[in-house]
Amino acid sequence: HTSTIEAEEAIDVYAQMSGLVSEVLVEEGDHVTEGQILVRMVEDELRLGAEEARVNYQKLVNSFKRSQGLFDSNLLSREDYEQRKFSVEEARIRWERSKLSLDHAAVRSPAEGVIAERMVKLGDRIAPSSKLYSLVDLKNLIAQVHVPGRDMRYISKGQTAEVRTGFLPGETFTGHVERISPGVDPGSGTVKVTLELDAAGYRLRPGMFITAHIVTATHEMAVLVPKKASVYDDGFPHVFVVSDSTATLVRLEIGFENSELLEVLE
């Protein structure tokens, strides 16, 4: 079956606040980790705001400590005491909010993956609606193949699949059946089967065309003949067998086969 590799998870990265871009730290093709900073925005004003909020909070904390002594000595009413206590809590929340705004000036990767596309550039004025990057998870690659409905009795979840691609000739990669669609496409008479592909050291990439063979059964100790050693006569496979320095054409009874080998039954 032929198909195209896709990423199971494709993530769009957005900013959480408006601002002017001061640094673009990663490019297309870069591998990033969860939490890694991708973009920085101008943060001078935010840093000053956070420091101002911290100083104001500390000032109210110190004042409240004195109020505690007055309240304990019955020199301050409970109403005034509670009001000052609430003011301290409000100041703490304003400080936390300003620190959060400062933290959001650094746009971080929401997951591990590879940058597939960069839309942001230095000097851009961005908003929470601005898409900055597209990110794909190369550890979770899939391919969707369409199996004829008549063959569905041979397919089950977990079966191994052998995958080849013209982008990496001569190599075979592995995967397994992850999902089987419950319905049959009435137009083509096929069932969609989703294969999960092994990461293979990030060598497989989204967009690659592949050919997949789902292994439905295995024969142990099979006798194998390379296809390139066989010849077809009257539509049947044969090989030349040498005996006493004489090559004789012998017809083969074959079982399983793949792109390179034939299983010889007789």
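Calculation rules
Residues numbered from 1 in each chain as written. Predicted model: local features only at pLDDT ≥ 70, side-chain atom pairs only at ≥ 80, totals over all residues. Heavy atoms only, no water. Pairing = 2+ DSSP bridges. Helix = DSSP H or I, 4+ residues; strand = E, 2+ residues; numbered from the N terminus. Axes fitted to C-alpha atoms, helices over the stretch in contact; angles between N-to-C directions. Salt bridge = Lys/Arg side-chain N within 4 Å of Asp/Glu carboxyl O. Buried < 20%, exposed > 50% of the residue type's maximum accessible area, 1.4 Å probe, protein only. 1 Å grid on protein atoms, 1.4 Å probe; cavity = no way out; pocket = protein on both sides within 12 Å on 5 of 7 lines; lining within 4 Å. Points joined across faces, edges and corners; volume = space filled by probe spheres on them. Nonpolar A, V, L, I, M, F, W, Y, C, P; charged D, E, K, R; others polar.

A. View of the sheet that holds strand S19 (residues 254-257). The 3 strands are arranged S15-S20-S19 in an open sheet whose pairing can be described as antiparallel. A strand with exactly one partner marks an edge of an open sheet, and here the two such strands are strand S15 (223-226) and S19. Adjacent strand axes in the sheet meet at a mean angle of 35°, parallel and antiparallel pairs treated alike. Two elements, S19 and strand S20 (residues 261-264), share 2 bridges in a ladder whose sense is antiparallel. From the neighbouring strand, Glu257 faces S20, where its bridge partner is Leu262.

B. Representation of the pattern of salt bridges in the model. Throughout the structure, instances matching the rule amount to 13 salt bridges. The partner of Arg54 in a salt bridge is Glu51, and the shortest N-O contact between them spans 2.6 Å. Remark: Glu51 and Arg54 occur in helix H1 (residues 44-72); sequence separation between them is 3 residues, near one turn of the helix. Residue classification places Arg54 among the partly exposed positions, given a relative accessible area of 32%. One salt bridge connects Asp124 with Lys121, and the closest N-O pair in it is separated by 3.3 Å. A relative accessible area of 18% means that Asp124 is categorised as buried.

C. Highlighting the sheet that holds strand S2 (residues 10-14). Read from one edge of the open sheet, 4 strands run S2-S9-S7-S4, paired in antiparallel fashion. Two strands bound the open sheet, and with one partner strand each, they are S2 and strand S4 (31-32). As paired elements, strand S7 (residues 113-118) and strand S9 (residues 131-136) share 4 bridges and run antiparallel to each other. When the bridges of S9 are listed, Arg118 appears paired with Tyr133.

D. Region of the structure containing the environment of Asn74. As for its position among the elements, Asn74 is in the loop between H1 and helix H2 (78-104). Placed 65 residues apart in sequence, Asn74 and Lys139 show a C-alpha to C-alpha distance of 66 Å.

E. Up close: the layout of surface pockets. Each pocket or cavity is described by its volume, and for the largest pocket that value is around 740 Å³. As for the largest pocket, its lining consists of 23 residues, of which Ile214, Val215, Ala217, Phe256 and Glu257 are closest to the centre. Among the secondary structure elements, those contributing two or more residues to the lining of the largest pocket are strand S14 (209-214), S19 and S20. Partitioned by chemical class, the residues of the lining of the largest pocket number 12 nonpolar, 7 polar and 4 charged.

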